[in-house]
Amino acid sequence: MNVAVTTNQISDVSDLPRNCSFDADDWRILARHWYAVALVRDVEEKGLVGAVLLDERLVVYKSGTEIVVANDICTHRGVPLTMGSNPDGNGVRCPYHGLQFGGGGKCVKVPAHPDNAIPGKLHLRSYPVVVRYGLVWTCLRPEEGEGAAKVPVMPHWDDKGFQQINCPHFDIAGFAGRQIEGFLDVAHFAFIHTETFADPDNPVVPAYETKPTDVGFEAEYYSTVGNYPHGKQDETPKDYLWLRHFRAHLPFTAHLTVHFPDGGRLSILNAATPVSARKTRLFVPIARNFDTDRPVQEVYDFNLKVFQEDAEMVEQQKPENLPLDPRMEAHIPADRSSINYRRGLRDLGLSHFFIA
Ligand code: FES
Ligand SMILES: [Fe+2]
């Protein structure tokens, strides 16, 4: 018996990474957005680092003053370039036959044939790079000519009087959408963050509004929940209402400005990079205009504790993806931001994210 197979019955996934864990249509939508893949200081120190973005394995390396993001696979015989080295800061050298790759991912040296012209087929597939907030940002499927304008905005990073702090990245065994939703959620403070900043006796979530923006939405949330670490909480002036100003940048970045007493501002970017459907690498640049002479290690330690408190929940949530159909989970009024977030993802055309 002849079985007719038309091309549209077979979905073409040849443009997707090997072992892609995302639904193919969702992957193509997510791949048009910009994500942080490395801390600049790590690339500077080590010469090259590995990263995985949406299941695509990448090498991030220095070539002179340029930072290059390229596929982590040697065009010659497929060895991961992250196994190689960057001996003089001018590019990555493959450990197998010594091919070297420089600016823009171009192959610049074939040691076995030093006098031959280098064919273009040996160049790496590379991606556009924007360096911002101490992070390397890239996009796997950029629109023609786009760049810096697509990178999420972080207020205060470059403002005078603000200290710039980049926490070491933090890996989460969970989906980026769940993590971002948790970052936007204020109802869990009194239960999850009692060891760090929250008050277990103050669980009430006052009403708040959300406003749409070009890239997602924002919410100004006022409450009496302080943001000082435990031990310093008596410093909150009486009747002070803390303002937390959230800005969501779809799909997986969100920003929070916490308004401290006496004009103090804490600006936190939560950039949740989707390593795969089930893994997230969190980058968190922070800017503040108070305690600017305090050691940054204190901030690293405090935030690490907060990330761990959140990750304990995010890594256990079921289903592991973020259900975009509002009927699949029950909601409470405090979830206004998270309902907006899910609606925004749906409006981007995203569906269930995972292949299974
Ligand atoms: S596999 Fe990389 S140089 Fe041959
Ligand atoms: Fe949290």
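Residues numbered from 1 in each chain as written. Chains lettered and ligands numbered in written order. Predicted model: local features only at pLDDT ≥ 70, side-chain atom pairs only at ≥ 80, totals over all residues. Heavy atoms only, no water.

A. Looking closely at the confidence of the model for the chain. For the chain, the average pLDDT comes to 94, and 97% of its residues sit at 70 or higher. In the model, residues 1–10 has pLDDT below 50 throughout and makes two contacts with residues more than four positions away in sequence or in other chains. (pLDDT = per-residue confidence, 0-100. Contact = heavy atoms within 4.5 Å.)

B. Seen up close, the environment of Ala112. Along the chain, the position of Ala112 falls in the loop between strand S7 (107–109) and strand S8 (126–127). Residue classification places Ala112 among the exposed residues on the basis of a relative accessible area of 59%. Taking C-alpha positions, Ala112 is 41 Å from Ala277, a pair spaced 165 residues apart along the chain. (Helix = DSSP H or I, 4+ residues; strand = E, 2+ residues; numbered from the N terminus. Buried < 20%, exposed > 50% of the residue type's maximum accessible area, 1.4 Å probe, protein only.)

C. Region of the structure containing the packing of aromatic side chains. This structure, assessed with the given rule, holds 15 aromatic pairs. Judged by centre distance (5.4 Å) and plane angle (85°), the ring pair of Tyr228 and Trp242 falls under edge-to-face. Placement of the pair is Tyr228 in the loop between strand S14 (216–223) and strand S15 (242–249) and Trp242 in strand S15, with a sequence separation of 14 residues. Classification of Tyr228 as buried rests on a relative accessible area of 11%. Take Trp242: its relative accessible area is 0%, and that puts it in the buried class. Taken together, the aromatic side chains of Tyr35, Phe175, Phe252, Phe353 and Phe354 make up a single cluster linked through ring pairs. Lying across the ring of Phe290, Arg288 places its NZ or CZ 5.9 Å from the centre. (Phe/Tyr/Trp six-rings, centres within 6.5 Å; stacked < 30°, edge-to-face > 60°. Lys NZ or Arg CZ within 6 Å of the ring centre and 35° of its normal.)

D. Spatial organisation of the nonpolar core. Of all hydrophobic cores here, the largest spans 72 residues; its most connected members are Phe22, Leu54, Val60, Val136, Phe252, Tyr341 and Phe353. Ranked by residue count, the leading element in this core is helix H5 (residues 296–314), at six residues. Per-domain counts for this core show at least three residues from each of domain 1 (3–138) and domain 2 (163–347). (Core = buried A, V, L, I, M, F, W, Y, C linked by side-chain atoms within 4.5 Å. Domains from an automatic or database assignment.)

E. A look at the domain arrangement of the chain. Domain assignment breaks the chain into domain 1 (3–138) and domain 2 (163–347). Relative placement of domain 1 and domain 2: their C-alpha centres are 32 Å apart. Contact residues are listed per partner, giving 20 residues for domain 1 and 19 residues for domain 2. Counting the surface lost from both domain 1 and domain 2, the interface buries some 1,500 Å², and carbon and sulfur atoms represent 66% of this. (Buried area = accessible area lost by both parts, 1.4 Å probe.)

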